[in-house]
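What follows is each chain in one-letter form.
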Amino acid sequence: MGMLIDGAWQSGWIDTSKTGGRFERAAAQFRNWVTPDGSPGPGGVGGFAAQSGRYHLYVSLACPWAHRTLIFRALKGLEDHIGVSVVHPDMLADGWTFSTDFEGATGDLLYGHTLAHQIYTRADPAFSGRVTVPILWDRERETIVSNESAEIIRMFNSAFDGITGNTSDFWPEDLRAAIEPINARIYDTVNNGVYKSGFATTQSAYEEAVHPLFDTLDWLEARLGEARYLMGARITEADWRLFTTLIRFDPVYHLHFKCAKRRIVDYPNLWAYTRELYQWPGVAGTVNTDHIVRHYYFSHETINPHRIVPAVAKPDLWAPHGRG
Ligand SMILES: N[C@@H](CCC(=O)N[C@@H](CS)C(=O)NCC(=O)O)C(=O)O
């Protein structure tokens, strides 16, 4: 791990010494929006019009945030319009790399860079901050449009509809207000909650994260006993945002991040729901358990110093989900 400071790479682990042992995630810095006509989106500057072949995603198949963007690319039929480069699952002293000696790692298909931080300095030679994936890259202006997955999925949800003709809508106008507090709770206690649990360096910081995490999972289990999806009968972005954490939970977060009170397979509704989403057309192809398991156990030396990658259970994700 490490970060860029004034365009220069500095390696080092996350510093929790000033936050009482708590992991605090920094906000993403590139926040522009692709829109149908290039007008500015809810933030950032304009000039990023939806065009086939113009944009490229840099992802890790291990990363739950990047995974959201791959799911939306699949759900919205964007595979022929937005290319993808996949980093190597190991994130060590150089950060994410474009080594290709792991199945599914593609290298940098645009420029042949060897390290992901070169993409950031290509966009901004003086960039300071963390070098995270996903990155939505504009080949025309040679810059990063966005490195915030929550916003990239909203762009993918509608900006390219005129090109693809795919109008399925996972952020429907009439549900937006109700989705927001659900997303907020799930982000804080589940998506980011597992990281807060796993990266905590004091007992109290860990407990502050792990109990709310399981309170939310219990609440979700009950909610999914009442309705097929989080917002009722329609599947929305809230479900896809939850899914990428659920699919990593038992193989990784339960053990590696000490989210150990229960597993997802112990929750009948959550587990069936996870299978339903996995079986959704196009989604299984975005899930790569080898990258997921390898990345976390091998990269986080402070948590797993011997880098032993465990043999994990492989439950049948294709078993009938029964949620019809
Ligand atoms: N806010 C970002 C977070 C992305 C993120 O933290 N990605 C992780 C991988 S799972 C990463 O690249 N971490 C590298 C680092 O923090 O140095 C998003 O949702 O897009």
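Criteria and cut-off values
Residues numbered from 1 in each chain as written. Predicted model: local features only at pLDDT ≥ 70, side-chain atom pairs only at ≥ 80, totals over all residues. Pairing = 2+ DSSP bridges. Helix = DSSP H or I, 4+ residues; strand = E, 2+ residues; numbered from the N terminus. UniProt positions renumbered as here; feature names shortened; annotations may be inferred. Buried ≥ 20, exposed ≤ 12 C-beta atoms within 10 Å, placed from the backbone. Contact = placed C-beta atoms within 7 Å.

### Things to note about the pairing of strand E1 (residues 2-5)
Right, on to step 1. Across 4 bridges, the pairing between E1 and strand E2 (residues 8-11) is antiparallel. Within E2, the position partnered with Gly-2 by the bridge is Ser-11.
Right, on to step 2. What sits between E1 and E2 in their antiparallel hairpin is a turn of 2 residues, with Asp-6 showing a positive phi close to 50°.

### Digging into the pairing of strand E6 (residues 143-146)
Right, on to step 1. With 3 bridges connecting them, strand E5 (residues 135-138) and E6 associate as antiparallel partners. Following the sheet pairing, Asp-138 is matched in E6 by Thr-143.
Right, on to step 2. Count of turn residues in the E5/E6 antiparallel hairpin: 4 residues, of which Glu-142 carries a positive phi of about 50°.

### Details of the UniProt feature "binding site: glutathione" (unreviewed entry) in the chain
Right, on to step 1. Here the UniProt feature "binding site: glutathione" (unreviewed entry) sits at Trp-96, Arg-130, Val-131, Thr-132, Val-133, Glu-148 and Ser-149.
Right, on to step 2. The topology assignment puts Val-131 in the loop between helix H2 (117-123) and E5.
Right, on to step 3. Take Val-131: there are 23 C-beta atoms within 10 Å of it, and that puts it in the buried class.
Right, on to step 4. Discounting chain neighbours no more than four positions away, the residues touching Val-131 are Met-3, Leu-4, Gly-95, Trp-96, Ala-116, His-117 and Tyr-120.
Right, on to step 5. Checked against the element boundaries, Glu-148 lands in the loop between E6 and helix H3 (149-158).
Right, on to step 6. Apart from the residues within four sequence positions on either side, Glu-148 is in contact with Ala-28 and Arg-31.

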